[in-house]
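Examination of the molecular architecture
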Amino acid sequence: MFLSVKELEIKKVRFAVTFPPGEIAYDEGLRQLTPLAVDGSAELLAHTLGEIRIQGRLNVRMATECDRCLEPAEFPIDSNFDLFYRPAVKTDYGEEVEIDEGEAEIAFYEGGGIELKDVLREFVLLSLPMQRICREDCQGVCPICGLNRNLVNCGCAVKQVDERWAALKKLQVKGT
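Note that the structure is a prediction, hence the values are computed from the model and not measured. Each chain carries its own residue numbering, running from 1 in the direction its sequence is written. With pLDDT at 70 or above as the cut-off, local features in this predicted model cover only qualifying residues; side-chain atom pairs require 80 or more to be listed or tallied, and sums for whole chains, interfaces and linings still use all residues. Water and hydrogen atoms play no part in the side-chain values, which are based on all heavy atoms of the structure.

Overview of the state of the cysteines
- The term disulfide is used for any two cysteine sulfur atoms that are within 2.5 Å. By the definition in use, this model includes zero disulfides.
- Unpaired in terms of disulfides, cysteine 69 finds its nearest cysteine sulfur in cysteine 66, a separation of 3.7 Å.
- Between cysteine 134, a cysteine without a disulfide, and cysteine 138, which holds the nearest cysteine sulfur, the sulfur-to-sulfur distance is 3.8 Å.
- The cut-offs for exposure are 20% and 50% of the maximum accessible area for each residue type, with area from a 1.4 Å probe on protein chains only; residues under the lower value are buried, those over the upper are exposed, and the others partly exposed. The class of cysteine 134 is partly exposed, set by a relative accessible area of 31%.

Observations concerning the pattern of salt bridges
- For salt bridges, the criterion is a side-chain nitrogen of Lys or Arg within 4 Å of an Asp or Glu carboxyl oxygen. One pass over the structure, following the stated rule, counts seven salt bridges.
- Linking arginine 61 and glutamate 74 is a salt bridge whose minimum nitrogen-to-oxygen distance equals 3.1 Å. Placement of the pair is arginine 61 in strand β5 (residues 52-65) and glutamate 74 in strand β6 (residues 72-87), with a sequence separation of 13 residues.
- Taking the relative accessible area as the measure of exposure, glutamate 74 reaches 47% and is therefore partly exposed.
- We note a salt bridge from arginine 135 to aspartate 137, for which the minimum N-O separation is 2.8 Å.
- A relative accessible area of 38% places arginine 135 in the partly exposed class.
- With relative accessibility at 47%, the residue aspartate 137 sits in the partly exposed group. Per the convention used, a helix needs a DSSP run of H or I reaching at least four residues, while a strand needs a run of E reaching at least two, with both numbered from the N terminus.

Structural notes on the environment of aspartate 39
- By the secondary structure assignment, aspartate 39 is in strand β4 (residues 36-44).
- Between the C-alpha atom of aspartate 39 and that of arginine 57, which follows or precedes it by 18 residues, the distance is 5.5 Å.
- Non-local contacts of aspartate 39, meaning those with residues more than four positions away in its chain, are made with Phe15, Ala16, Gly56 and Arg57. Contacts were defined at the residue level, with two residues in contact if any of their heavy atoms lie within 4.5 Å.

With respect to the nonpolar core
- Core analysis: the largest hydrophobic core is formed by 37 residues, its most contacted members being Leu36, Ile54 and Leu58.
- Leucine 36 has contacts with Val17, Thr18, Phe19, Ile24, Tyr26, Leu58, Asn59, Val60, Leu120 and Val124, leaving out every residue within four places of it along the chain. Joining through side-chain atoms within 4.5 Å is the link that ties buried Ala, Val, Leu, Ile, Met, Phe, Trp, Tyr and Cys residues into a set, and such a set is a nonpolar core.

Notes on the side chain of arginine 132
- Here arginine 132 is to be found in the loop between α2 (116-127) and α3 (166-175).
- Despite its burial, arginine 132 remains without a salt bridge, the nearest opposite charge being carried by aspartate 27 at 5.2 Å.
- In contact with arginine 132, not counting residues within four places along its chain, are Leu30, Thr64, Glu65, Cys66, Asp67, Phe75 and Leu125. Charge counting treats Lys and Arg as positive and Asp and Glu as negative, with His and both chain ends excluded.

These results come straight from atomic positions and should not be treated as a statement about function.
Now the structure itself:
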């Protein structure tokens, strides 16, 4: 669904859309398990130079592999959103420019509007946790044998190496 600036100049656009799994392309390894249901509105803000506000509610269940044990992990997202977009202006400042806190919350769009799928894709990616784990107490994969420590107690012992003695170990190897 394309949110056209021309249409938004006339009226606020309301939407209730469902995107089936596979319709929005996410990062590799990230899958949409349930239809992405979104209900909201888009409006062109008065007294701005084309700033668009998109707000609503999104519900979807995503899946990827756990960062610790590599088993499948699911992440439900049921969240409200309130996003602001400003037309991209090509400006060559020549040097770094400081932005205020409010400007850090605004994204940019080019052309005659915004594709809703792109907005939702970005919101879903930003809503996922930085470390995607299957559960809080996930033990992960053993660094020695590679077994999933949630399923098997492999008994491997990781030897702690005191880095302060590393230089002496090198001397011992050379001396023999």
